[in-house]
Amino acid sequence: MTGRVLRIAVEAGQSVAEGDLLLVLEAMKMENEIRASHAGKVAQVAVEAGQRVQQGGLLVVVETQG
């Protein structure tokens, strides 16, 4: 969704579980929590707090461990 990054909850190298909060986006005056779709390690955080993002843009890369 198109919006603005309010807060980033993870950093590169951090392990996350399925459902963990990755970041919060503001879109249409609503806060939307973006959560991990699977467990793994954060390989890249491609955005910064305050940045405007477009629908389909890269936000966070989580690599599956194992």
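A few points on the structure.

Reading the values: the criteria
- Residues numbered from 1 in each chain as written.
- Predicted model: local features only at pLDDT ≥ 70, side-chain atom pairs only at ≥ 80, totals over all residues.
- Heavy atoms only, no water.
- Helix = DSSP H or I, 4+ residues; strand = E, 2+ residues; numbered from the N terminus.
- Buried < 20%, exposed > 50% of the residue type's maximum accessible area, 1.4 Å probe, protein only.
- Core = buried A, V, L, I, M, F, W, Y, C linked by side-chain atoms within 4.5 Å.
- Pairing = 2+ DSSP bridges.

1. Looking at the overall build of the chain
Phase 1: Counting its regular elements, the chain contains 0 helices and 7 strands.
Phase 2: In sequence order, the secondary structure elements of the chain are arranged as β-β-β-β-β-β-β.
Phase 3: For the chain, the spread of C-alpha atoms along the three principal axes comes to 40 × 20 × 20 Å.
Phase 4: A total of 66 residues make up the chain; the buried ones form 29% of that total.

2. Regarding the nonpolar core
Phase 1: Counting residues in hydrophobic clusters, the biggest one holds 13 residues, and the most contacted among them are Val 16, Leu 22, Leu 59 and Val 60.
Phase 2: Secondary-structure elements contributing two or more residues to this core are strand 3 (21–27) and strand 7 (60–63).
Phase 3: In terms of residue count, the dominant contributor to this core is strand 3 (3 residues).

3. Points about the sheet that holds strand 5 (residues 40–45)
Phase 1: Here we have 3 strands laid out as an open sheet, ordered 2-5-7, and antiparallel in their pairing. This sheet does not close on itself; its edge strands, each paired only once, are strand 2 (15–16) and strand 7.
Phase 2: The pairing of strand 2 with strand 5 spans 2 bridges and is classified as antiparallel. Each residue of the ladder has a partner; that of Ser 15, found in strand 5, is Lys 41.

4. Brief notes about the sheet that holds strand 1 (residues 3–8)
Phase 1: The sheet built from 4 strands is open, its strands ordered 4-3-1-6 with antiparallel pairing. If you trace the sheet from one side to the other, it starts and ends with strand 4 (30–35) and strand 6 (52–53), each paired once.
Phase 2: In terms of strand pairing, strand 3 meets strand 4 through 6 bridges, oriented antiparallel. Among the inter-strand pairings, Leu 23 is bridged to a residue of strand 4, identified as Ile 34.

5. Brief notes about the pairing of strand 3
Phase 1: Among the 7 residues of strand 3, 6 are classified as buried, and the element is accordingly described as predominantly covered.
Phase 2: Sheet analysis places strand 1 next to strand 3, joined by 4 bridges and oriented antiparallel. Its bridge partner being in strand 3, Val 5 is matched across the sheet by Leu 25.
Phase 3: Between strand 3 and strand 4, which pair antiparallel one after the other, the connecting turn spans 2 residues, and Met 28 there sits at a positive phi close to 55°.

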